[in-house]
Amino acid sequence: MIGDFIYKYYVGPILNGEAYTIVDTLTYAAILIVSVYFVYRWLIKSGISIDTEFILALIPYVVLGGLLRVVEDTGIIPPPWNVLLITPIIYFVIFFYVIAALISSRILESRKVIENFSRGLAAAGIFACALSLIPLVFVGVTQTQINIYVMLFILAMATATSCIVWAFIRYVLKWEYVSDILYKLLIFGHLLDASATSFGIDLHEITYVEQHVAGSFLIEATGTAFSMFLLKLIVIIPGIYVLEMYRQEGSQAFWHLILFAMIMVGMAPGIRDMVRMILYV
């Protein structure tokens, strides 16, 4: 019976590419929270400074996660290996790659090969992103297409809405702290996700579907995927306020990791959805 439950809510959706349910959504959210805490403890014990520079060095890995999900979406990775690039397993794959890159960068820094380990960490992420683009470009050229206009449209939507939301928070709510680069990335990442989702469902030639529980419910209730922008605002604005309150009274290092996790859950699916639509997969 337990085995049936696990297969129904965890194994089955992974293998069959099914939409998320409340059960697996809450489970993965809990795993994310616990993982952030243990990573935080490990980094502190290792003497690694968890600051803005460190978080910025991790952003390429967020992009990498989105790109690798599209590699799996193309179908060029045969089973069972494709499971490695499906949520949530892909998070563990990227995590171990990040750890390897981090340790290697620290060693290179200690030997004076590089000036700062964060730069080496970022470079390893950018290199992996470049490699992941090779199979995607190959599929686009040989099997589907590469529509640059789709990319420009989605990025324009994300940029415009991000500027509007940021300006509202900064000048209407007068939250000066929102000028922090990490808050800007948080806003852009989630509005990129909203832009890609709304474009894919309402405007793209191929009709895509929303797989997440809250998003699919809101879209069904309103009749338009552009309602995702409202959902994001409901999350982003209170989220920034709570994060800032924690930064003033709590651990700066843990604040950085929580903020990174929030950037990741918005930006990574946004990257994935946008690239899928560019390639028509």
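Residues numbered from 1 in each chain as written. Predicted model: local features only at pLDDT ≥ 70, side-chain atom pairs only at ≥ 80, totals over all residues. Heavy atoms only, no water.

If you check an unreviewed UniProt entry, the protein appears there as DUF63 family protein from Methanomicrobium antiquum.

A. Representation of the overall build of the protein within the structure. Across its full length, the protein carries 10 helices and 0 strands. Taking 19 Å as the expected radius of gyration for a compact globule of 281 residues, we find that the protein reaches 19 Å, a close match to that expectation. In terms of overall dimensions, the protein has a C-alpha envelope of 50 × 50 × 45 Å along the principal axes. Counting across all 281 residues of the protein, residues that qualify as buried make up 47%. Excluding contacts between residues fewer than 6 apart, the proportion of contacts in the protein whose partners are at least 24 apart in sequence is 72%. Of the accessible surface of the protein, which amounts to about 14,600 Å², a share of 70% is contributed by carbon and sulfur atoms. Of the charged side chains in the protein, 15 are positive and 19 negative, and the gap between their average positions amounts to 9 Å. (Helix = DSSP H or I, 4+ residues; strand = E, 2+ residues; numbered from the N terminus. Rg over C-alpha atoms; globule rule 2.2 N^0.38 Å. Buried < 20%, exposed > 50% of the residue type's maximum accessible area, 1.4 Å probe, protein only. Contact = heavy atoms within 4.5 Å. Areas by Shrake-Rupley, 256 points an atom, 1.4 Å probe, with all protein chains shown as cover. Lys, Arg positive; Asp, Glu negative; His and termini not counted. Charge placed at Lys NZ, Arg CZ, Asp CG, Glu CD.)

B. Summary view of the UniProt feature "transmembrane region" (unreviewed entry) in the protein. Annotation from UniProt places "transmembrane region" (unreviewed entry) at residues 20-40, 52-71, 83-108, 120-142, 148-169, 181-201, 221-241 and 253-271. Secondary structure across residues 52-71 comprises 100% helix and 0% strand; the distance between its end C-alpha atoms is 30 Å. Counting secondary structure, residues 253-271 comes out at 100% helix and 0% strand; the distance between its end C-alpha atoms is 26 Å. (UniProt positions renumbered as here; feature names shortened; annotations may be inferred.)

C. Examining the packing of aromatic side chains more closely. Tallying each qualifying case throughout the model produces 14 aromatic pairs. Both rings, one in Tyr246 and one in Phe254, keep their centres 6.3 Å apart while their planes meet at 65°; by these two values the pair is edge-to-face. Through pairs of rings, three or more aromatic residues link up here, namely Tyr37, Phe38, Tyr40, Tyr246 and Phe254. Over the face of the ring belonging to Phe117 we find Arg106, whose NZ or CZ atom lies 5.6 Å from the ring centre. Arg247 extends its terminal NZ or CZ atom over the ring of Trp255, reaching a point 4.2 Å from the ring centre. (Phe/Tyr/Trp six-rings, centres within 6.5 Å; stacked < 30°, edge-to-face > 60°. Lys NZ or Arg CZ within 6 Å of the ring centre and 35° of its normal.)

D. Representation of the side chain of Asp193 within the structure. Position of Asp193 relative to the elements: it lies in helix 7 (residues 181-202). For Asp193, a relative accessible area of 8% corresponds to the buried category. Beyond its immediate sequence surroundings of up to four residues, Asp193 is in contact with Lys232, Gly266, Pro269, Gly270 and Asp273.

E. Here's a closer look at the nonpolar core. Judged by nonpolar contacts, the single largest core of 79 residues is most densely connected at Phe54, Tyr61, Leu121, Tyr183, Ile187 and Ile240. Sorting the residues of this core by element identifies helix 2 (22-45), helix 3 (52-73), helix 4 (89-110), helix 5 (117-142), helix 6 (148-172), helix 7, helix 9 (228-249) and helix 10 (252-279) as the ones contributing at least two each. (Core = buried A, V, L, I, M, F, W, Y, C linked by side-chain atoms within 4.5 Å.)

F. Expanded view of the packing of helix 6 against helix 10. The geometry of helix 6 relative to helix 10 is characterised by a closest axis approach of 8 Å and an angle of 150° between their N-to-C directions. Considered as vectors, helix 6 and helix 10 are oriented roughly antiparallel to each other. Across the interface between the two elements, Val150, Met151, Ile154 and Leu155 from helix 6 touch Met274, Met277 and Ile278 from helix 10. Looking at the contact of helix 6 with helix 10, its residues break down into 7 nonpolar, no polar and no charged. (Axes fitted to C-alpha atoms, helices over the stretch in contact; angles between N-to-C directions. Parallel < 35°, antiparallel > 145°, perpendicular 65-115°, else oblique. Nonpolar A, V, L, I, M, F, W, Y, C, P; charged D, E, K, R; others polar.)

G. Region of interest: unusual backbone geometry. With an omega dihedral of 5°, the bond running from Pro79 to Pro80 counts as a cis peptide bond. Here Pro80 lies in the loop between helix 3 and helix 4. Unusually for a residue other than glycine, Lys174 sits at a positive phi of about 60°. Summarising the element assignment, Lys174 is placed in the loop between helix 6 and helix 7.

H. Representation of the pattern of salt bridges in the model. Tallied over the full model, the rule gives 7 salt bridges. For the salt bridge of Arg272 with Asp73, the shortest nitrogen-to-oxygen distance reads 2.8 Å. Taken together, the residues span a long stretch of sequence, with Arg272 in helix 10 and Asp73 in helix 3 at a distance of 199 residues. Of the residues examined, Asp73 reaches a relative accessible area of 23% and is grouped as partly exposed. The salt bridge partner of Arg276 is Asp73, with a shortest N-O separation of 3.7 Å. Note that Arg276 is positioned in helix 10 and Asp73 in helix 3, a separation of 203 residues in sequence. (Salt bridge = Lys/Arg side-chain N within 4 Å of Asp/Glu carboxyl O.)

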